[in-house]
Amino acid sequence: MERSRAAVHRTILVVDVEGFGDRRRTNVDQLTVRAGLYRALQQAFRVADISWAACEYEDRGDGALILAPPEMTKGAFVEDLPRALVDALHAHNRTHGAEEQVRLRMALHAGEINYDDHGVTAAAINLAFRLLDAAPLKTELAGSSGVLAVITSSWFFEEVVRHSRVCDMTAYRSISVTVKETATTAWVHLPERHGDGPHDAPGSEGCPEYPEPTLLGRDQELVRLRRAASTARAGRFTLALVTGEPGIGKSALAGAVGRQLAADGWTIAWGNCPEREGSPAGQPWAEILQALVDRFPPRHHAVELAPLLDDHATLSAAGDVPAARFRLRTAVGLYLSAVARANPLLIVLDDLHHADGEVLALLTHLAGALVSEPVFLIATYRPTEVDEHLAEALATLARHQPEHVDLTGLDTEVVSDLMRALCARPLADDTVAAIARRTEGNPFFVREIARLLETGGEHAAIGEVPPSVRHIVRRRVARLSASAQTVLHHAAVIGRDFTIDVLAAVTGMDDDVLIECLDTALRAGLLVEPQTATRALRFAHALVRETLSTTSPSCAVAAFMPRSAPPWNACARTTRSHSPTTSTPPTPRTRPRRRPGTCGWPRSRPSGVMPTGRRPVSGNRPSFPTRTHPEAPSGTDSSS
């Protein structure tokens, strides 16, 4: 007998695979596409901090219906999930042929849902599926080089997107939807204007030919990695470590190498180390194995590999956990060896700075177990986020003589080429130069500035911070302590360059507390130490400083400043004018004179203790040179 439950409010997410029924896809291709779809969804939910287990979902063959509980914030579905899903889809597509690649349409709505013995039904669900079937949405995705097109109902746009401090409303376009009996208005958004190049997935014919903008200026790095791949192909395990700040193009470089090697007959497997806590131990290796087992079924080690292939299998089920862990690592090595003997194998471990202990332990084990196999392993990580566990693993891996590729910002000429590849409008040379200075050649920042330029013009591109950049900077700052955040906000008001003494005068903080706050900001890569001045710091990027300065409490800065202290620009001017012949040195602070070497001020510091922008792997905080006068600020001009 049918029984119904009371209607409840749910966030409704519906996805559909473009061209799923294309005649070029075999049944095996469709199974691979479905597996890739669910892996991408679950990975994106983890990155966006949305609990997949708390949601309900119904499989729809070529897509899925997902219902989120009412207490789950709706903002994450438009602020974090689309970008995370784009990354997850690209990770899948990098390692699969054209017929197995995935491009998605995604619809978002919310409303009352009714349950019965057969499942769910509601007018709100019907509307979500009508939006997903809208012709303008299909046209947007077909004409894009990206992998995802998002459509939201008018209600969702007005109640969620419009009130978000993260979403860029100018990235959404209003469209009319007429499907069957439904006639309404909706909003369409492409999370990426330009993807990793043209897609050859079924259903994407006619996509415009876009270049691969993030790889401009990386020719030398590509040559070095291809040379390392040649060494691996000859039958020797080869490791490459690709490092650089966020957005510098580490994943894009690894993806480009993967595409080139795939064209040469290599097998490609990709694993992402998730940032969010709560993900299963060894998750990247699970992704790598799951991507391989469809093509290379494990014949002899299925039982030992189960903890990485089956969500319900655990090491504890095998009894002796340490022994089971050893058997698992041994089985992974033997399985990957068998795969590599069929075709040379490229493994990519992305964002290794997020790796848990099991990921690192298996990595160091495999480096020894695969030493005589044609395996090329690329690991990417941020050098500013190396903790003691990763530092220990890197020390162990050093015996394998890895190829180190440290990515830095693109020069002005390459930034110019990148901007002209991304923007349809002509750009003046001084505009490109200004963008190169603001972004320091960071490809992600350049891309986001290009998007802002297309929608807001040159003035916006030079004078505003893109919403996506603001969101990322704020998230990075939010990980710091409240005191460190306060210090950074005050430093942002001073300018991109500032001296520690001036900042101390502005904040009135105790020396030990101030140095500890600056230390955490240095290790997070938000600040760097210029080599040209002592006791001076600067923001790693102008856009970081601009983001913080727009939210800095100006009134609070004045409140933190000691009454007897002149303004910070005056402090900088007195620093420049002070000399040994001055009868009375300036005194911007009224606190008692302290002896050098006490309260956190070290007696001396050899030059180069803290390389610019690098985090000391030992975890020790940086030390600064002894002040020539304990109460007089010194260093470079901080008023600019």
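Here's a quick rundown of the structure.

Parameters and conventions
For every chain, the first residue of its written sequence is number 1, and the numbers climb from 1 along that sequence. Owing to the predicted nature of the model, reporting of local features is limited to residues with pLDDT of at least 70; listing and counting of side-chain atom pairs is limited to 80 or more, with chain, interface and lining totals taken over all residues. Excluding hydrogens and water, the side-chain values take into account all heavy atoms of the structure. A pair of strands counts as paired when DSSP detects no fewer than two bridges linking them. Only runs of H or I of at least four residues qualify as helices and only runs of E of at least two qualify as strands under DSSP, and these elements are numbered from the N terminus. Here, residues are in contact when the closest pair of their heavy atoms is within 4.5 Å. Within this document, salt bridges are pairs made up of a side-chain nitrogen of Lys or Arg and a carboxyl oxygen of Asp or Glu, the two lying within 4 Å of each other. Each residue gets one of three labels from its accessible area relative to the maximum for its type: buried under 20%, exposed over 50%, partly exposed in between, using a 1.4 Å probe on protein chains only. Between 30 and 60 degrees the pair is tilted, below 30 it is stacked and above 60 it is edge-to-face, where a pair is any two Phe, Tyr or Trp rings, Trp via its six-membered ring, whose centres lie within 6.5 Å. With axes taken as lines fitted to C-alpha atoms, and helix axes fitted only over the stretch in contact, angles between N-to-C directions fall between 0 and 180 degrees.

### With respect to the sheet that holds strand S15 (residues 527-528)
Thought 1: The sheet built from three strands is open, its strands ordered S14-S16-S15 with antiparallel pairing. Since the sheet does not close on itself, it has two edges, and those belong to strand S14 (497-499) and S15, each with one partner.
Thought 2: Pairing analysis gives three bridges linking S14 to strand S16 (residues 536-539), with the strands arranged antiparallel. Bridging across to S16, Thr499 finds its partner in Ala536.

### Some details on the side chain of Thr32
Thought 1: Tracing the backbone shows Thr32 in helix H1 (residues 27-47).
Thought 2: With residues near it in sequence (within four places) discarded, Thr32 still touches His92, His96 and Glu100.

### Regarding the pattern of salt bridges
Thought 1: For the coordinates displayed, the defined rule picks out 24 salt bridges.
Thought 2: A salt bridge links Arg475 to Asp80, with the nearest nitrogen and oxygen atoms 3.9 Å apart. Taken as a pair, Arg475 in helix H17 (residues 467-478) and Asp80 in the loop between helix H2 (76-79) and helix H3 (81-94) lie far apart in primary sequence, 395 residues in all.
Thought 3: We classify Asp80 as buried; its relative accessible area is 17%.

### Some details on the packing of aromatic side chains
Thought 1: Enumeration over the complete set of coordinates arrives at nine aromatic pairs.
Thought 2: Note on Phe444 and Phe445: the rings are 6.0 Å apart at their centroids and 55 degrees apart in plane angle, and the pair reads as tilted.
Thought 3: Accessibility expressed as a relative area gives 11% for Phe444, which makes it buried.
Thought 4: With a relative accessible area of 6%, Phe445 lands in the buried category.
Thought 5: Among the aromatic side chains, those forming a connected cluster through ring pairs are Tyr38, Phe45, Trp52, Tyr57 and Phe77.

### Considering the pairing of strand S6 (residues 148-153)
Thought 1: The buried fraction of S6 is high, at six of six residues.
Thought 2: Side chains Leu148, Val150 and Thr152 project from S6 onto one buried face, and the interleaved Ala149, Ile151 and Ser153 project onto a second face that is buried too.
Thought 3: Bridge count between strand S4 (residues 104-116) and S6: five bridges; the pairing is parallel. When the bridges of S6 are listed, Arg105 appears paired with Ala149.

### Here's the deal with helix H19 (residues 500-507)
Thought 1: Of all eight residues in H19, eight are buried; the element is thus mostly enclosed.
Thought 2: Within H19, burial applies to Ile500, Asp501, Val502, Leu503, Ala504, Ala505, Val506 and Thr507.

### Let's talk about the sheet that holds strand S13 (residues 403-406)
Thought 1: Reading across from one edge, S10-S11-S12-S9-S13 is the order of the five strands in this open sheet, with parallel pairing throughout. Because the sheet does not close on itself, it has two edges, and the strands there are strand S10 (267-272) and S13. Neighbouring strand axes in the sheet, compared pairwise and without regard to direction, differ in orientation by 15 degrees on average.
Thought 2: In the sheet, strand S9 (residues 238-243) pairs with S13 via four bridges, with the strands oriented parallel. The partner of Thr243 across the bridge, within S13, is Asp406.

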